[in-house]
Amino acid sequence: MAEITGDQRVQSEVLEGLATAVNHRQWFVELAVPYLGDNPIEIGSGLGDYASAWAAYAPRITATEADPDRLIQLKERLSDHPGVEVRQMLLPHHERGDYSAAVSYNVLEHIDDHVGALRSMRGLVRPGGAVVIIVPAFQFAMSPADIATGHVRRYTKKTLAAAMTEAGLTVERIHYANALGLIGYFMATKVFRLMPKEGPMVKVYDTLVLPVTKAAEQRVRPPFGQSVFAVARV
């Protein structure tokens, strides 16, 4: 049976803290834009930061959340976006849909049956549409912060591609993103055992380091990163 993993209070605190990393979010917003189509669905919208940004690129978008308390916050946050529908959703499930794309950022790592979750996303998307995924990278970076927020795994390009293929998806694009972020995350959460949250470290990285990292990675894909970004077709 599907269930919500991790401490929901801690998850919400992390989401609120990382909402201040505006350059990081804009980078990841841009990665998905070419694949959204006219009617995408986001799986695990959290507090709605990505959904509110993507609403500018699609005439309709559906934002979803599994946690009941965050669902209420999500509905309030997106109430002034007439093209955005908000609903509760927990994967895996057997629902079918006709969405142009399913986008899920930093959600799959919370789900024990991640292949089943990917199959569920595939079932929500029309033929030819995209499933767009971002997950945290590299098991060696699994930290107390990962465990507290309910992560059951971290990924490599190989393991994410294998899960998508097993789910019946055709991988079109996959690469690591935010190489320097992996180093910073490892030091902060694994070595110093800190939680990702708003503060001077996040602000300095997002303001000074992230733009340089993004520009470099638009030219040369790094062999490692804090995240794995993947696009697969239905």
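Provided above is the structure to which this section pertains.
Just so you know, these numbers come straight off a predicted model, no measurement behind them.

1. Some words on the pattern of salt bridges
A full pass over the atoms with the stated rule returns 8 salt bridges. Close ionic contact of Glu-30 with Lys-214 constitutes a salt bridge, the shortest N to O distance being 2.8 Å. Pair noted here: Glu-30 is in helix H2 (residues 22-32) and Lys-214 is in helix H9 (residues 200-217), with a separation of 184 residues, a long-range link. Owing to a relative accessible area of 17%, Lys-214 belongs among the buried residues under this scheme. Overlapping salt bridges bring together Asp-38, Asp-98 and Arg-126 as one network.

2. Points about the environment of Ile-134
Residue placement: Ile-134 occurs in strand E5 (residues 125-136). Separated by 72 residues in the primary sequence, Ile-134 and Asp-206 have C-alpha atoms spaced 18 Å apart. Once residues within four sequence positions are removed from consideration, Ile-134 is found in contact with Phe-28, Leu-31, Ser-104, Tyr-105, Asn-106, Val-107, Glu-109, Ser-227, Val-228 and Phe-229.

3. Here's the deal with the packing of aromatic side chains
One pass over the full model with this rule turns up 8 aromatic pairs. Between Phe-138 and Tyr-176, the aromatic rings sit 5.0 Å apart at their centres with planes inclined by 25°, giving stacked as the arrangement. Here Phe-138, found in the loop between E5 and helix H6 (144-148), pairs with Tyr-176, found in strand E6 (residues 170-177); they are 38 residues apart in sequence, far enough to count as distant. On the accessibility criterion, Phe-138 (15% relative accessible area) is buried. The exposure class assigned to Tyr-176 is buried, which follows from its relative accessible area of 7%. Members of the aromatic cluster, joined through ring pairs, are Trp-27, Phe-28, Tyr-50, Trp-54 and Tyr-105.

4. A few points about a nonpolar patch on the surface
Residues Leu-180, Ile-183, Met-187, Val-191, Phe-192, Leu-194, Met-201 and Phe-224 make up a contiguous nonpolar surface patch of roughly 750 Å² in combined accessible area. Looking at the element boundaries, Phe-224 is found in the loop between H9 and strand E7 (227-233). Judged by relative accessible area, Phe-224 falls into the partly exposed class, the value being 32%.

5. What to know about the packing of helix H8 (residues 179-191) against H9
Contact geometry of H8 with H9 gives a least axis separation of 8 Å together with a crossing angle of 150°. Between H8 and H9, the angle is such that the two are roughly antiparallel. Packed against H8, whose contacting residues are Ala-179, Leu-180, Gly-181 and Ala-188, the element H9 presents Met-201, Tyr-205, Val-209, Thr-213 and Glu-217 at the interface. Residue composition of the contact of H8 with H9, grouped by class: 6 nonpolar, 2 polar and 1 charged.

Reading the values: rules and limits
Residues numbered from 1 in each chain as written. Predicted model: local features only at pLDDT ≥ 70, side-chain atom pairs only at ≥ 80, totals over all residues. Heavy atoms only, no water. Salt bridge = Lys/Arg side-chain N within 4 Å of Asp/Glu carboxyl O. Helix = DSSP H or I, 4+ residues; strand = E, 2+ residues; numbered from the N terminus. Buried < 20%, exposed > 50% of the residue type's maximum accessible area, 1.4 Å probe, protein only. Contact = heavy atoms within 4.5 Å. Phe/Tyr/Trp six-rings, centres within 6.5 Å; stacked < 30°, edge-to-face > 60°. Patch = residues over 30% accessible without salt bridge, like charges linked within 9 Å, V, L, I, M, F, W, Y side chains within 5 Å. Areas by Shrake-Rupley, 256 points an atom, 1.4 Å probe, with all protein chains shown as cover. Axes fitted to C-alpha atoms, helices over the stretch in contact; angles between N-to-C directions. Parallel < 35°, antiparallel > 145°, perpendicular 65-115°, else oblique. Nonpolar A, V, L, I, M, F, W, Y, C, P; charged D, E, K, R; others polar.

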